[in-house]
Amino acid sequence: MTPDDAADLLLRSVDQLPPLHPDERRSAQVRARCRAQMRRAPKPQPRLGPVLFTSLCVIYVSALVLDVLRLRGVL
Amino acid sequence: MNGMDRDSELALVGRLRAGDPDAFDVVHDCFNTRLFNFLARLSRRREVAEDLLEETWLRLVARAAHLQVDTRLGPWLFTVARNLYVSYRRSRMLEDSHAVGLIGLWPSGSAPSSPFDLAVASEAGRRIDAAMGALPLAYREALLLVVVEGLRPAEAASVCGISPEAMRQRLSRARVALAASLDVDEPALAALNEVPT
């Protein structure tokens, strides 16, 4: 066996360790619990904060412009 | 993600973000055994691995809506699992050396064909598993992520929070340490340093 073969064999032996399996009953319980939580979780809503903030800014600036125009006698 | 192309993975992430329980099932099927293997061989305790596995899935559910659209599920899940184990280890001040050889990790898998095969496979497997268990945690997680789980070194580096170069060095040292632990002969040990990562 060449050194390369030995190194290769070592890595393959690690790669081929038999799989360990979690407890099936517990896995099923966890899956069911997670599914239930996902169903209960509020679905992502469109974010209203930025829309509200922008609307208020527009109203404020409009009111400001109207006041200025009124003071100058334009309106 | 093993067995799934990138587009399918991105679609799955989108469904998780939207709170689709069926998408969770797909991810669970793909990763449950892999995560358990990783945690069991990291912690060397079956019951700890089971607890941390459950917590990993609960974290995914809790954060599903906030996943980035381009999340890679494998590295994300292994990062969560690894961080949970690190927190657990810190909280318990658990020393690796206390756990080596304690557990009945060995079970299932593909059954060898004869009692002789069983004995040989079991003996070799136990020896490698014990050698893995005796490695320092940093080396063990590097080998588990790259050699066993098939993550790319860069992905494994991200899971462990280190640079890809540091991961390559860690892998190289892990291989040497494992070879020494398994009593691989000197020429083979020299060759291990040359194995590309």
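Above this text sits the structure in question.
Residues numbered from 1 in each chain as written. Chains lettered and ligands numbered in written order. Predicted model: local features only at pLDDT ≥ 70, side-chain atom pairs only at ≥ 80, totals over all residues. Heavy atoms only, no water.

Trainee: Looking at this structure, I do not really get the packing of helix H4 (residues 73–92) of chain B against helix H8 (residues 153–160) of chain B. What am I missing?
Mentor: Helix-helix packing is characterised by the crossing angle of the two axes and by the distance between the axes. All names here are of chain B. In contact at an axis separation of 8 Å, H4 and H8 are set at 35° when each is read in the N-to-C sense. Where H4 crosses over H8, the handedness of that crossing is right-handed. Taken together, the residues of H8 that come into contact with H4 (itself represented by Pro75, Phe78, Thr79 and Arg82) are Glu155, Ser158, Val159 and Cys160. When grouped by side-chain class, the residues that make up the contact of H4 with H8 number four nonpolar, two polar and two charged. (Axes fitted to C-alpha atoms, helices over the stretch in contact; angles between N-to-C directions. Helix = DSSP H or I, 4+ residues; strand = E, 2+ residues; numbered from the N terminus. Left-handed = near helix turned anticlockwise from the far one by under 90°. Contact = heavy atoms within 4.5 Å. Nonpolar A, V, L, I, M, F, W, Y, C, P; charged D, E, K, R; others polar.)

Trainee: What is the right way to read the packing of aromatic side chains from this model?
Mentor: Here a ring pair, both rings aromatic, is described through the centre-centre distance and the interplanar angle of the planes. On inspection of all chains with the given rule, the structure shows four aromatic pairs over all chains. Here the aromatic residues Phe31, Phe38 and Phe78 of chain B are joined through ring pairs into a cluster of three or more. (Phe/Tyr/Trp six-rings, centres within 6.5 Å; stacked < 30°, edge-to-face > 60°.)

Trainee: What should I look at first to understand the nonpolar core in this one?
Mentor: The nonpolar side chains of a soluble globular protein tend to be buried with one another. The biggest cluster of nonpolar side chains holds 62 residues, and the ones touching the most others in it are Leu16, Val27, Trp57, Leu60, Met132 and Leu178 of chain B. Top element by residues in this core is helix H2 (residues 21–43) of chain B. It accounts for 10 residues. Every residue in contact with leucine 16 of chain B, bar those within four places of it in the chain, is listed here: Met38 of chain A together with Ala23, Phe24, Val27, Leu60, Ala64, Ala65, Leu67 and Leu73 of chain B. (Core = buried A, V, L, I, M, F, W, Y, C linked by side-chain atoms within 4.5 Å. Buried < 20%, exposed > 50% of the residue type's maximum accessible area, 1.4 Å probe, protein only.)

Trainee: Explanation requested: unusual backbone geometry in the structure shown.
Mentor: Glycine aside, the phi torsion of most residues is negative, and most peptide linkages are trans. All names here are of chain B. Even without being a glycine, arginine 44 presents a positive backbone phi close to 65°. Looking at where arginine 44 falls in the secondary structure, it is placed in the loop between H2 and helix H3 (46–63). Judged by relative accessible area, which is 4%, arginine 44 ranks as buried.

Trainee: Help me understand helix H7 (residues 137–148) of chain B in this model?
Mentor: Three or four residues apart is the spacing at which side chains of an α-helix point the same way, because the helix has 3.6 residues per turn. All names here are of chain B. Of all 12 residues making up H7, nine are buried, and the element is well covered by its neighbours. Of all the residues in H7, the buried ones are Leu137, Arg140, Glu141, Ala142, Leu143, Leu144, Leu145, Val146 and Val147. After H7 finishes, the residue glycine 150 shows a positive phi value of roughly 75°.

Note that all results are geometric; they support no functional claim without further evidence.
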